[in-house]
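# Secondary and tertiary structure notes
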Amino acid sequence: MIKIKNKEACCGCGACIASCPKSALELKEDNEGFLYPVVNPEKCIDCGVCEKVCPFIGNKESKLNQAHLYGAKNKNVTEQLNSASGGIFPLLAKYVIGQGGYVFGAAYVNNWLVEHLGISDEKSIDKLSRSKYVQSNASVVYKEVRSHLKDGTLVLFTGTPCQCLGMKKYLRKDYENLYLVDIVCHGVPSPSVWKMYLENISLEMHESVSDIIDIRFKYKDIYTYHWKHPGFMIEWANGKKYIDYSNRTCYENGFLGNLFVRPSCYACQVKSISSGADMTIGDFWGVEKLYPDFYDKKGTSIIFVNTNKGRFLFKAIRQNLEYINVQVEDAIRYNRRIVYSIPKTNKRIKFFKKFTQNKNLDSSVQDLLTSSLLERAFVKIKKIIFAR
């Protein structure tokens, strides 16, 4: 029987929920908005399956120094712009769908929360594209993925490293017709904070969350918003839009300031390319310093090709890529999230206390981040004074 004694020990992948033979587990939301498995003792038979599939239990093997690395960008400018970084995912999805396969990934669902879903036509690829800075509930597709695999259908499953390892352990065997692709993950924010942010910003715009028709993180248009300085966009049914630079929004500042990220993300156990994914994709931060001729304002990706299946997948799409070979040291030099978890902040508890009280994200974030900046400035001043 799986018991969550420490919330840092549960990543919320949902593999335990899908695996339980007696349906003795269900996901329930805690006071921060994150989902955790809860056991029904009347149904549980202590079979231990839930612990066997948990990605945070057991040894992990790092592929960091065995992978083939590439800096890459999609030759199709439209696909590159409509992606979070260099436009790798649409190429992977199109290849698998072209082989009659299914693609699974995170998508916006009811009220703009995020869940995993499967698609089998190219017109739906946009649903799964781009970053979604909200934790996705992947538990809803595990059984569907296994069903397709057993039928011999080609499947691409994309997600965070813990979700990919959760899927791998859930399946309990290697399927030749499965491609696992994970992302370089900073961490996953609280769905309830995201929900409140949408309510706050809709109120400011005199609109309704129910009338939103499009949301885009890392919005790019080349001219004003680009890969290194992207925007955040919300569009309502009447044509009204909210667009601003991402680093001017309280939601992204709070997320990157680690104020409302899932507790397990501060102690992630699936770093250093250890999820078992065939391929890992992410932003190639620092490319302008390391490979200036390859830098592109429209977006540049880093690709880790981790397995033989990953190598086959890369070969299948490389004719549509511009790419260069990259050393491991260069990949991780400016992207510490490949190897390290996000640092803990003592502001997190204060944030959730303020957020619960006033239900206003902007004031909850700005007060804490402003005080953090002042504290860091004070420390620097003290160092300068005492160094004299």
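Here the structure is a predicted model, which means the values were calculated and not measured. (Residues numbered from 1 in each chain as written. Predicted model: local features only at pLDDT ≥ 70, side-chain atom pairs only at ≥ 80, totals over all residues. Heavy atoms only, no water.)

One finds Trp194, Tyr251, Phe260, Phe351 and Leu361 to be the most contacted residues of the largest nonpolar core, which totals 37 residues. For this core, the secondary-structure elements that each account for two or more residues are α8 (191–204), β8 (212–219), β9 (231–236), α9 (250–256), α13 (347–358) and α14 (361–387). Residue contributions to this core peak at 6 residues, all from α8. Once residues within four sequence positions are removed from consideration, tyrosine 251 is found in contact with Tyr133, Val134, Pro189, Ser190, Val193, Trp194, Tyr197, Phe217, Phe260 and Leu361. Grouped together as the second largest cluster of nonpolar side chains are 33 residues, Ala24, Cys50, Leu149 and Ala277 included. (Core = buried A, V, L, I, M, F, W, Y, C linked by side-chain atoms within 4.5 Å. Buried < 20%, exposed > 50% of the residue type's maximum accessible area, 1.4 Å probe, protein only. Helix = DSSP H or I, 4+ residues; strand = E, 2+ residues; numbered from the N terminus. Contact = heavy atoms within 4.5 Å.)

A word on the sheet that holds strand β11 (residues 279–283). The mixed open sheet is built from 8 strands, whose spatial order is β5-β4-β6-β7-β11-β12-β3-β13. Both outer strands of the open sheet, β5 (114–119) and β13 (321–325), are each paired with one neighbouring strand and no more. Recorded for the sheet is a direction-independent mean angle of 25° between the axes of neighbouring strands. Pairing of β11 with strand β12 (residues 301–305), which is carried by 5 bridges, proceeds in the antiparallel orientation. Considered in β12, the bridge of threonine 280 is made with phenylalanine 304. (Pairing = 2+ DSSP bridges. Axes fitted to C-alpha atoms, helices over the stretch in contact; angles between N-to-C directions.)

Let's shift gears to helix α4 (residues 88–98). Within α4, 9 of the 11 residues are buried, which leaves it mostly tucked inside the rest of the structure. Buried residues of α4: Ile88, Phe89, Pro90, Leu91, Leu92, Ala93, Tyr95, Val96 and Ile97, and no others. Where α4 terminates, the next one or two residues include glycine 100, which has phi positive at roughly 80°.

The subject of this paragraph is the sheet that holds β9. Strand order in the open sheet formed by 3 strands is β8-β9-β10, and the pairing between neighbours is antiparallel. Two strands bound the open sheet, and with one partner strand each, they are β8 and β10 (241–245). Across the sheet, the axes of successive neighbouring strands diverge by a mean angle of 5°, strand direction being ignored. When β8 meets β9, the two strands line up antiparallel, connected through 5 bridges. Each bridged residue has a counterpart across the sheet, and for isoleucine 212 the counterpart in β9 is tryptophan 236.

This next bit is on the pattern of salt bridges. With the rule as written, the count across this model stands at 17 salt bridges. Of the charged contacts in the structure, one is a salt bridge between aspartate 126 and arginine 216, with a shortest N-O distance of 3.9 Å. One end of the pair, aspartate 126, is in helix α5 (residues 125–128); the other, arginine 216, is in strand β8, with 90 residues separating them in the sequence. Judged by its relative accessible area of 35%, aspartate 126 is partly exposed. Connected through shared salt-bridge partners, Asp126, Arg130, Asp214 and Arg216 make up one network. (Salt bridge = Lys/Arg side-chain N within 4 Å of Asp/Glu carboxyl O.)

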